[in-house]
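Coordinate analysis (summary)
Residue-level listing of the chains:
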Amino acid sequence: MLRHVVMDMDGVIYRGEALLPGVRTLLQQLQQRGVQVAFLTNNASRHRQELAEKLKAMGLPCTLEQVWGSAYITARYLAREAPAARVFVVGTAGTVRELQEAGLTVVPTHEGATHVVVGLDWGLTYEKLRQAHYAICQGAHFIATNLDPTYPDSLHTTAPGGGAIVAALRTSTGVAPQVMGKPQPTGLALIAAAWGVRPSEMVAVGDRLDTDIAAARAFGCRAVLVLTGVTRRAEAEQAPAALRPDAVIADLTELVPLLERWGRDESGPLPETHKKVDPEG
Ligand SMILES: [Mg+2]
């Protein structure tokens, strides 16, 4: 049995406010089998505590340490790579709080900023974009929590995501940001380091090829696509190698048997192992 599972949230655990079928049972089964679970989401608008509370409100027990949003990943990454950073933020209060809790200094204007962190910001103003633009043009390091073009919105199906705000600054400055969220493998790498495991010991589960599966491929762990979100089976089968999952499951009730099957053949080299063990995947 493989014992380290990283799950995306929206489209995997829930859709909007509705828990997906089999999730509560699955999490109990994983706990009984001693499987470590982390939740990894590109959502940067919420502090981990808010994300954990959403899961708890759905009857899913979880600890703060299990929840990895892209604002937290950004904070952890910067705390390690640039602990003296002075950060100008285009983002929510949740993003600011993650950075401050990681010991980073958040500055109110471009002056003295060494880094600019940009994500979804419901309080976006032209003035914030201008300050971020000044800082980046003066040489501050441009960091995007994620490049998601949209996020699900119950009223109008989607709303502009963090990627749309990042694109405004990319256009104005001509500078490409360093991206923290999926498809970059930074979050998976931080979780692996926290658990003390290698990529070959980990399984990533997600509903999007271009973020969840791409990040798993880039990191080198096994990738499972679950069809409860935005991707259909035919799209997964036609995907190029960098976006192709090792297995496709209809919903999470199929995950435990898959982890058991893979765990029996843990020693072989990764890509060949997948094909041998799960030819229909
Ligand atoms: Mg998702």
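Here's a quick rundown of the structure. (Residues numbered from 1 in each chain as written. Predicted model: local features only at pLDDT ≥ 70, side-chain atom pairs only at ≥ 80, totals over all residues. Heavy atoms only, no water.)

1. A short note on the coordination of the magnesium ion
Ideal donor angles around a metal are set by the shape: a four-donor tetrahedron calls for 109.5 degrees, a six-donor octahedron for 90 or 180 degrees. Every protein donor of the magnesium ion is accounted for by Asp8 (OD), Asp10 (O) and Asp207 (OD), and the metal-donor separations fall at 2.0 to 2.2 Å. Within one chain, the residues serving as donors to the magnesium ion are arranged as D-x1-D-x196-D. Taken as a pair, Asp10 in the loop between strand 1 (4-7) and strand 2 (14-15) and Asp207 in the loop between strand 13 (202-206) and helix 8 (209-219) lie far apart in primary sequence, 197 residues in all. Asp10 gets classed as partly exposed once you look at its relative accessible area, which sits at 29%. Given a relative accessible area of 4%, Asp207 falls into the buried group. (Donors = N, O, S within 2.8 Å, 3.2 Å for Na, K, Ca; no water. Helix = DSSP H or I, 4+ residues; strand = E, 2+ residues; numbered from the N terminus. Buried < 20%, exposed > 50% of the residue type's maximum accessible area, 1.4 Å probe, protein only.)

2. A few points about the pattern of salt bridges
Proximity of charged atoms lets side chains of opposite charge pair with each other. Tallying each qualifying case throughout the model produces 14 salt bridges. A salt bridge links Arg46 to Glu50, with the shortest nitrogen-to-oxygen separation between them at 3.8 Å. Classification of Glu50 by relative accessible area gives partly exposed; the value is 34%. A salt bridge links Arg97 to Glu101; its shortest N-O distance comes to 2.8 Å. Taken as a pair, Arg97 and Glu101 lie in helix 4 (residues 93-101) at a separation of four residues, close to a single helical turn. One salt-bridge network, held together by shared partners, links Asp8, Lys182 and Asp212. (Salt bridge = Lys/Arg side-chain N within 4 Å of Asp/Glu carboxyl O.)

3. Examining the packing of aromatic side chains
In total, this model carries one aromatic pair according to the counting rule given. It is Arg48 that lies over the ring of Tyr72; its NZ or CZ is 3.6 Å from the centre. In this structure, Arg222 is placed above the aromatic ring of Trp262, and the distance from its NZ or CZ to the ring centre is 5.4 Å. (Phe/Tyr/Trp six-rings, centres within 6.5 Å; stacked < 30°, edge-to-face > 60°. Lys NZ or Arg CZ within 6 Å of the ring centre and 35° of its normal.)

4. Details of the environment of Gln238
Secondary-structure assignment places Gln238 in helix 9 (residues 233-238). With a relative accessible area of 66%, Gln238 lands in the exposed category. For the pair Gln238 and Val106, spaced 132 residues apart in sequence, the C-alpha separation works out to 44 Å.

5. Some details on helix 1 (residues 23-32)
Since the α-helix turns once every 3.6 residues, residues separated by three or four places project in the same direction. Of all the residues in helix 1, the buried ones are Val23, Leu26, Leu27 and Leu30. Each buried residue of helix 1 lies within a common arc of 95 degrees when the element is viewed along its axis, so the set occupies one face. Among the structural elements, strand 1, strand 3 (18-19), strand 4 (36-41) and helix 10 (255-263) are those in contact with the buried residues of helix 1. Positive backbone phi, at 75 degrees, marks Gly34, one or two positions downstream of helix 1. (Arc of directions from axis to C-beta. Contact = heavy atoms within 4.5 Å.)

6. Re the side chain of Asp8
Among the secondary structure elements, Asp8 is positioned in the loop between strand 1 and strand 2. For Asp8, a relative accessible area of 9% corresponds to the buried category. A polar contact is formed between the side chain of Asp8 and the side chain of Lys182, at a distance of 3.1 Å. With near-sequence residues (within four places) excluded, Asp8 lies in contact with Ile13, Leu40, Thr41, Lys182, Val205, Gly206, Asp207 and Asp212. (Polar contact = N/O pair within 3.5 Å; in protein donor to acceptor, adjacent residues only side chain to side chain.)

Geometric descriptors of this kind do not, in isolation, establish any biological role.
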